[in-house]
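Residues per chain are reported as follows:
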Amino acid sequence: MITMLSLGIECTAHTFGIGITDGEKILADAKDMYKPEKGGIHPIEAKIHHENVKEKVLEEALNKAKVHLNDIDIFSYSAGPGLPPCLKVGVEFVSKISGKKPVFAVNHPVAHIEIGRFLAKCNDPIVIYVSGGNTQIIGYAAGRYRVFGETEDIAIGNAIDTFMREVTDNAGFGGPMMEKLAEGGNYIELPYVVKGMDLSFSGILTSATQKWKKESIEKSERDRSVLLSDLCFSFQETCYSMLTEVTERALAHAGKTEVLVTGGVAASKRLREMLDIMCRERGAKLFVCPVEYSGDNGAMISITGLLMKNSGQKSADKIDFNPKWRTDEAEITWMD
Ligand code: AMP
Ligand code: MG
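Residues numbered from 1 in each chain as written. Chains lettered and ligands numbered in written order. Predicted model: local features only at pLDDT ≥ 70, side-chain atom pairs only at ≥ 80, totals over all residues. Heavy atoms only, no water.

> Any chance you could explain the overall build of the protein here in plain terms?
Per the secondary structure count, the protein includes 9 helices and 12 strands. Since a compact globule built from 336 residues should have a radius of gyration of about 20 Å, the 20 Å found for the protein is in line with a globular shape. Dimensions of the protein along its principal axes, counting C-alpha atoms only, are 65 × 45 × 30 Å. Looking at the protein as a whole, 53% of its 336 residues qualify as buried. Within the protein, contacts between residues separated by at least 24 positions form 75% of all contacts whose residues are at least 6 apart in sequence. Within the structure as shown, the protein displays about 15200 Å² of accessible surface, and the carbon and sulfur contribution to it stands at 51%. (Helix = DSSP H or I, 4+ residues; strand = E, 2+ residues; numbered from the N terminus. Rg over C-alpha atoms; globule rule 2.2 N^0.38 Å. Buried < 20%, exposed > 50% of the residue type's maximum accessible area, 1.4 Å probe, protein only. Contact = heavy atoms within 4.5 Å. Areas by Shrake-Rupley, 256 points an atom, 1.4 Å probe, with all protein chains shown as cover.)

> Can you walk me through the sheet that holds strand β11 (residues 258-262) in this structure?
Either a parallel or an antiparallel arrangement is found when strands of a sheet pair, and the pairing is made through backbone hydrogen bonds. The sheet built from 5 strands is open, its strands ordered β8-β7-β6-β11-β12 with mixed pairing. Strand pairing shows two members of the sheet lacking a second neighbour, β8 (144-150) and β12 (285-288), which therefore form its edges. Each strand of the sheet is rotated relative to its neighbour by a mean of 25°, with strand direction disregarded. Here strand β7 (residues 135-141) pairs with β8 via 6 bridges, running antiparallel. Bridging from a neighbouring strand, tyrosine 140 pairs with tyrosine 145 of β8. Relative to the sheet, helix α3 (residues 108-120) contacts β6 (126-130), β7, β8, β11 and β12, its axis offset from that of β11 by approximately 120°. (Pairing = 2+ DSSP bridges. Axes fitted to C-alpha atoms, helices over the stretch in contact; angles between N-to-C directions.)

> Explain the environment of isoleucine 154 here, please?
Here isoleucine 154 shows up in the loop between β8 and α4 (156-167). Take isoleucine 154: its relative accessible area is 22%, and that puts it in the partly exposed class. Remark: the alpha-carbon pair of isoleucine 154 and glycine 263, spanning 109 residues in sequence, is separated by 15 Å. With residues up to four places along the chain from it excluded, the contact list for isoleucine 154 reads Ala159, Phe201, Ser202 and Leu205.

> Whenever I open this one, the sheet that holds strand β4 (residues 74-80) confuses me. Can you help?
Judged by pairing direction, the sheet is mixed, and its 5 strands sit side by side in the order β3-β2-β1-β4-β5 without closing on themselves. Of all strands in the sheet, those with a lone pairing partner are β3 (26-33) and β5 (103-107), marking the two edges. Going from strand to strand, the sheet's axes swing by 20° on average, the running direction of each strand aside. The sheet contact formed by strand β1 (residues 6-10) and β4 spans 4 bridges and is parallel. The residue bridging serine 6 from the neighbouring strand is isoleucine 74, located in β4. Sitting on the sheet, helix α2 (residues 84-98) is in contact with β1, β2 (15-21), β4 and β5, with an inclination near 165° to β4. Lying over the sheet, α3 contacts β1, β3, β4 and β5, oriented at roughly 90° with respect to β5.

> Can you walk me through the packing of aromatic side chains in this structure?
Ring pairs (aromatic) are described by centroid distance and by the angle formed between their planes. Within this structure, the stated rule accounts for 3 aromatic pairs. Ring geometry for phenylalanine 16 versus phenylalanine 93: centroids 6.0 Å apart, planes at 65°, classification edge-to-face. Residue phenylalanine 16 is found in strand β2, and its partner phenylalanine 93 is found in helix α2; the two are separated by 77 residues along the sequence. Note on accessibility: phenylalanine 16 and phenylalanine 93 belong to one class, buried. (Phe/Tyr/Trp six-rings, centres within 6.5 Å; stacked < 30°, edge-to-face > 60°.)

> Before we go on, may I ask you to explain the site of ligand 1 in this structure?
As a matter of local geometry, ligand 1 sits amid 19 residues, with Gly132, Asp161, Gly175, Glu179 and Gly264 nearest to it. Here glycine 157 contributes a backbone N or O atom positioned 3.2 Å from an oxygen atom of ligand 1. Within the contact set of ligand 1, a nitrogen atom lies 3.0 Å away from a side-chain nitrogen or oxygen of glutamate 179. Protein contacts shield 93% of the accessible area of ligand 1, which totals 500 Å² for the unbound molecule. Elements represented by at least two residues in the shell around ligand 1 include exactly α4 and α5 (175-181). Per-element tally for the shell around ligand 1: the top contributor is α5, with 3 residues. Its residues placed into classes, the shell around ligand 1 shows 5 nonpolar, 11 polar and 3 charged. (Near = heavy atom within 4 Å. Polar contact = N/O pair within 3.5 Å; in protein donor to acceptor, adjacent residues only side chain to side chain. Nonpolar A, V, L, I, M, F, W, Y, C, P; charged D, E, K, R; others polar.)

> Even after reading the chapter, I still don't get the side chain of serine 294, so can you show me in this structure?
Inspection of the secondary structure assignment puts serine 294 in the loop between β12 and α9 (298-310). Apart from residues no more than four positions distant in its own chain, serine 294 is found in contact with His112, Thr262, Gly263, Gly264, Ala266 and Cys289.

> Explanation requested: the nonpolar core in the structure shown.
Among soluble globular proteins, nonpolar side chains are generally buried collectively. One finds Leu7, Ile9, Phe16, Ile18, Ile20 and Tyr145 to be the most contacted residues of the largest nonpolar core, which totals 57 residues. Summarising the domain contributions, this core has at least three residues from each of domain 1 (6-116 + 293-329) and domain 2 (123-291). By size, the runner-up hydrophobic cluster in this structure holds 43 residues, among which are Ile128, Leu205, Met274 and Leu275. (Core = buried A, V, L, I, M, F, W, Y, C linked by side-chain atoms within 4.5 Å. Domains from an automatic or database assignment.)

> What's the story with the pattern of salt bridges in this structure? I'm lost.
Charged atoms that come close allow side chains of opposite charge to pair. The final tally for this structure, using the stated rule, is 18 salt bridges. The closest approach of N and O atoms between glutamate 51 and lysine 47, which form a salt bridge, is 3.8 Å. Within this pair, glutamate 51 and its partner lysine 47 are both found in helix α1 (residues 43-65), separated by 4 residues, close to a single helical turn. A salt bridge links aspartate 320 to lysine 318; the shortest N-O distance between them is 3.0 Å. We classify lysine 318 as exposed; its relative accessible area is 62%. Through salt bridges with shared partners, a single ionic network connects Lys47, Glu51 and Lys54. (Salt bridge = Lys/Arg side-chain N within 4 Å of Asp/Glu carboxyl O.)

The quantities given are spatial measurements derived from coordinates; they are silent on function.
What follows is the structure, encoded as structure tokens:
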């Protein structure tokens, strides 16, 4: 078999990443992440960050894989969904470095699924894609990754990060901190909102934040930390139970026996634990995308580009992006 070298660029939001694969192994996965000093992602600041690091990240990826740019056979980039200023950096950079080689436009959520399948070694799972910007329950059927259920408002990671910013001086990702603070917490009721197969997290965020603002004021330092622990515990329990419920229904509905969890929130031990219990009870199996590849990265784009190429897709006529490209709009030609 002739091995082909595939280079992928991730550039939809906070991460600028470049990965290289030969289809057997990930040869390099370099990245640099934009971290806002305060608040959420500022699209223009993220774009400037990506412009500043792109050459350095490319060099790092090529060095790590021990290849030259000329050795690369196909190029791919994340074409959406994402923040337009960031997507534009990827489009321009791939146009510049690809020369006359084929270029593939990769759907970002599809790439999260594919690196998960590649590394966790599962075939046809129900996918729970939970990240800072996305919350979807997905499964393959007839040429598309169908979205069985999704958030009606904000993504779960965004809800977690926003809550942690409201109640602590934490500026970065809130997930790991929430996980720690939740230890030993007790349950306080928060709005559990599942409508059909869709979920809503904004009510949980508002309710938990209001409880904190109202009840923490006149408390001693010790009681404040108890309240915070209870809220973090309850936040996790509520959100993860909702996700587990919808995933179970998707499994039953689609008749599948594998569950794959990916995206940054897949790092959550409690989420995995709940999903694992549900899977065991149903005779299904839980697969987890390794944490180092479950956030945004270039390797997932390189792997998906290679699948597109090997299953006969044509390279992109026009190198362009689509900030609203839905998961179920991407053509999947390698699953049957
Ligand atoms: P991504 O958007 O895929 O890069 O993932 C980032 C999101 O994952 C952020 O919202 C983080 O707070 C979240 N995250 C990271 N680690 C954890 C964790 N242990 N528990 C819950 N969420 C997490
Ligand atoms: Mg992502």
